[in-house]
Structures are given as structure tokens and as C-alpha cells.
Amino acid sequence: MENVVRKLNWFYYGQMVIACLVWGAMMYAFQHGCYELLNVYSRLGMAVQYIIIIDALITIPLGLYLIKLFKPQTEKAYFKCAAARILLVSNTMPLGICAYYWMGGYRSMLWIAAIAAIALCFAKPTIGRMEQEMKPEDPNEEKY
């Protein structure tokens, strides 16, 4: 189990590193005028916002519910589901950061990235979480 959690931590912290790299690259490009700012109220600006918001609305809940949906019984199956959970939950983070800078500091996109970052905290791989999620459900146990 420790080996699986160690491998999952590469995904977890890797997504954080990707978000930090995107943040740094977009800030550098923004400060040096490497791209033309996108008008928030233009047709393209609205489309980008809708895409990122819909992505967050679909992938974050799906990623957090993925383990309960498939109920993996082996460590290999758990690894695949947990890695997919981390990738699904955190994919909106770099997208929101890019949109924030591309739209000239439009805070709504930064909030979307922050929501993805908070959701990523709920996907942190630990041995306790792995044991709990792989534990078979007792059909006689009451559910509330």
C-alpha cells in the first residue's frame, strides 16, 4: 500500500508543480506583453469562460466521486482510479490560471483555479484513505 501511495504522490505533487509552472510562465508573459489580452466580454472571452466553468462543474465532482463509482478491490485498480481522480480534479487549475492572465487579471478565473486547488486537497493520497476506500462495504451496516 505504501508503494501505491508513493506513486500517487507523484501525480498529486506533479499537478501542483504544473500549476506553479503555468503561474510563473503566464505571469512572465503577462508582464512582458508576450500576448494580446482577451476581452472578457468578447465572444471568444465568453466562450473561454464557459469552457473552463463547465470543465470545473463536470470534472471536479466526477473526480471526487470516481472511487465510489468503480469501487476498486485491487491495488492496481485503486491506483488507476486514484490517479484519474487527481488528474480530473486538478485539470481546471492550470486552465483557470491561464485564463486569469490571458483575460488581464479576471478574478473569476482565479476563483475557478482556487476551487480546483481546494478539491485537489480532498484527493490527497494517504494510506488511511486507501484502506478506507478499498474496504468492502458491509451489506448489513446501516447507511444514513
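The preceding data block contains the structure.
Residues numbered from 1 in each chain as written. Predicted model: local features only at pLDDT ≥ 70, side-chain atom pairs only at ≥ 80, totals over all residues. Heavy atoms only, no water.

**Overview of the packing of helix α2 (residues 43-70) against helix α4 (residues 92-102)**
The following threshold applies: Note on method: axes are straight lines fitted to C-alpha atoms, helices fitted across the in-contact stretch only, with angles between N-to-C directions ranging 0 to 180 degrees. Per the convention used, a helix needs a DSSP run of H or I reaching at least four residues, while a strand needs a run of E reaching at least two, with both numbered from the N terminus. If an angle is under 35 degrees, it is roughly parallel; if it is over 145, roughly antiparallel; if it lies from 65 to 115, roughly perpendicular; otherwise it is oblique. Helix crossings get a hand from a simple test, with the near helix turned counterclockwise from the far one by less than a right angle marking a left-handed crossing and a clockwise turn marking a right-handed one. In this description, contact between two residues means that some pair of their heavy atoms is separated by no more than 4.5 Å. Each residue gets one of three labels, nonpolar for Ala, Val, Leu, Ile, Met, Phe, Trp, Tyr, Cys and Pro, charged for Asp, Glu, Lys and Arg, and polar for the others, Gly among them.
Taken N-terminus to C-terminus, the directions of α2 and α4 make an angle of 160 degrees; their axes are 10 Å apart at the nearest point. Comparing their axes, α4 and α2 come out roughly antiparallel. Considering only the axes of α2 and α4, their crossing is left-handed. In contact with L44, V48, I52, D55, A56 and T59 of α2, α4 contributes T92, L95, G96, A99 and W102. Class assignment of the residues belonging to the contact of α2 with α4 gives a composition of 7 nonpolar, 3 polar and 1 charged.

**Considering the pattern of salt bridges**
How we decide: Put simply, a salt bridge is a Lys or Arg side-chain nitrogen that is within 4 Å of an Asp or Glu carboxyl oxygen. Each residue is placed in one exposure class: buried if its accessible area under a 1.4 Å probe, protein chains only, is under 20% of its type's maximum, exposed if it is over 50%, and partly exposed if it falls in between.
Tallied over the entire structure, the rule returns 1 salt bridge. A salt bridge links E133 to R85; the nearest nitrogen and oxygen atoms lie 2.9 Å apart. Separated by 48 residues along the polypeptide, E133 in helix α6 (residues 127-134) and R85 in helix α3 (residues 75-90) bring together distant segments of the chain. Taking the relative accessible area as the measure of exposure, R85 reaches 3% and is therefore buried.

**Looking at a nonpolar patch on the surface**
To keep it simple, the criterion reads: Residues with no salt bridge and a relative accessible area higher than 30% make up the patches, which join like charges within 9 Å and nonpolar side chains (Val, Leu, Ile, Met, Phe, Trp, Tyr) within 5 Å. Surface accessibility in these figures is a Shrake-Rupley result with a 1.4 Å probe; residues are shielded only by whichever protein chains are displayed.
There is a patch of nonpolar side chains on the surface, built from Y50, I53, I54, L57 and I58 and spanning about 510 Å² of accessible area. Among the secondary structure elements, Y50 is positioned in helix α2.

**Here's the deal with the nonpolar core**
Convention followed: The term nonpolar core refers to a set of buried residues drawn from Ala, Val, Leu, Ile, Met, Phe, Trp, Tyr and Cys, joined through side-chain atoms within 4.5 Å.
Membership of the largest hydrophobic core comes to 25 residues, with the highest contact counts inside it found for V48, I52, M93, I97, M103, M109 and L120. Every element with two or more residues in this core is listed here: α1 (2-31), α2, α3, α4 and α5 (107-121). The element that contributes the greatest number of residues to this core is α5, accounting for 6 residues. Sequence-distant contacts of M103, defined by excluding residues within four places in its chain, comprise L38, V40, G45, V48, Q49 and M109. Judged by nonpolar contacts, the second largest core, of 10 residues, contains L8, I67, A82 and M130.

Read these as layout, nothing more, since geometry by itself doesn't imply function.
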